[in-house]
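# Structural description and commentary
Listed below, chain by chain, are the residues.
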Amino acid sequence: MWTHRFPVQGAGLGLRRALMSPLSSLTTDQVSFMEVAPENWIRVGGRLGHQFRSFTERFPFVCHGLSLSIGSPAPLDKELLGSIKHFLSEHGIRSYSEHLSYCSDDGHLYDLMPIPFTEEAVHYVAGRIRQVQDFLGQRIAMENVSYYAAPQQEMSEIDFINAVLDEADCDLLLDVNNIFVNSINHRYDPELFLRQLPGERVAYVHIAGHYEEADDLRVDTHGSDVVDPVWQLLAKSYELFGVMPTLLERDFNLPPVTELLSEVDYIRQLQGTFETSSSKGVAHV
Ligand SMILES: [Fe+2]
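Quick caveat: nothing in here was measured; it's all calculated off a predicted structure.

Protein-derived ligands of the iron ion are E143 (OE), D175 (OD), H206 (ND1) and E249 (OE), with the metal-ligand distances lying across 1.9 to 2.4 Å. With four donor atoms in place around the iron ion and angles of 83 to 168° between them, the coordination shape is irregular. Donor residues for the iron ion sit on one chain with the sequence pattern E-x31-D-x30-H-x42-E. Taken together, the residues E143 in strand β7 (residues 141-143) and E249 in strand β12 (residues 246-249) connect sequence positions 106 residues apart. Considered together, E143 and E249 belong to a single accessibility category, that of buried residues.

As structure tokens, then:
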């Protein structure tokens, strides 16, 4: 039973500054929705601001925050939240999400640190998410993050995520690449992990490429093509939870736009496969 409607539909792409000119004639047939980090755009005016506006007028948008630092001991940044609230309404942005992690200090550093997987942290973080939802007057989605160390682990990652989502009563931004990266680095079965997530809370899905540092160490860089096992995990998530809006994240080492759009096309193809198979009552990967 779905508790909410998806904020967007189809196959999306993260909008980066370097992509604005190459994508200036893009249509919603090619990319159904776009995502930005509000911190990168809140105070942008002038020519760049106009260019950004031309995208938000043509495409459905969602926001994925970078620096709210939901797990941090520092008080919530109400000034930032106020700016985000204004930004969402100014551009008609349909949803806001953040990472289930915190910045390494309150200086808005973009390296995201893991929250200790403890009962105490569940209550603390869920309370903060509720405060954010109250402040913004809307549900938000929290993303399952990649992490490289797990300090003070009293519970498993999956139990921690589920407990936070439940207590905060918020949505999930499901990142299938992060599940895959964590499954290698922390040695677990990615499909088993995926199966235990609450599909009915998913707002939309992220897919991305990562860096293979070693056989047993992957780094979530968003700097290369999506690898096959991650595509398979996306297919599995459609099989388990139904077709969900899905966005390609690419931050570094940007390929030519045609290559980027071919990955977005592939998302759309996969969605089509599962839409067709589920309408026939058949779901398979
Ligand atoms: Fe992500």
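Under the counting rule described, the total for this entry stands at one cavity of 30 Å³ or more. Each pocket or cavity is described by its volume, and for the largest cavity that value is around 70 Å³. The element contributing the most residues to the lining of the largest cavity is helix α4 (residues 157-168), with three residues. When the residues that make up the lining of the largest cavity are grouped by side-chain class, the tally is eight nonpolar, one polar and two charged.

Turning our attention to the sheet that holds β7. Taken in spatial order, the eight strands line up as β1-β2-β3-β4-β7-β8-β9-β12 and close into a barrel, and their pairing is parallel. The mean inter-strand angle of the sheet, taken between neighbouring strand axes irrespective of direction, is 30°. As judged from the three bridges shared by strand β4 (residues 96-99) and β7, these two strands associate in the parallel manner. Opposite H99, over in β7, you have E143 as the bridge partner.

Following both chains from N to C, one finds helix α5 (residues 176-185) and helix α7 (residues 228-241) inclined at 120°, their axes separated by 9 Å at the closest point. The angle between the axes of α5 and α7 places the two elements in the oblique class. Classified by chirality, the crossing of α7 by α5 is right-handed. Residues V176, N177, I179 and F180 of α5 form the contact with α7, whose own contacting residues are P229, V230, L233, L234 and S237. Here the residues of the contact of α5 with α7 are counted per class, giving seven nonpolar, two polar and no charged.

What counts and how
- Residues numbered from 1 in each chain as written.
- Predicted model: local features only at pLDDT ≥ 70, side-chain atom pairs only at ≥ 80, totals over all residues.
- Heavy atoms only, no water.
- Donors = N, O, S within 2.8 Å, 3.2 Å for Na, K, Ca; no water.
- Tetrahedral: all angles 85-135°; square planar, octahedral: opposite > 155°, others 65-115°.
- Helix = DSSP H or I, 4+ residues; strand = E, 2+ residues; numbered from the N terminus.
- Buried < 20%, exposed > 50% of the residue type's maximum accessible area, 1.4 Å probe, protein only.
- 1 Å grid on protein atoms, 1.4 Å probe; cavity = no way out; pocket = protein on both sides within 12 Å on 5 of 7 lines; lining within 4 Å.
- Points joined across faces, edges and corners; volume = space filled by probe spheres on them.
- Nonpolar A, V, L, I, M, F, W, Y, C, P; charged D, E, K, R; others polar.
- Pairing = 2+ DSSP bridges.
- Axes fitted to C-alpha atoms, helices over the stretch in contact; angles between N-to-C directions.
- Parallel < 35°, antiparallel > 145°, perpendicular 65-115°, else oblique.
- Left-handed = near helix turned anticlockwise from the far one by under 90°.
- Contact = heavy atoms within 4.5 Å.

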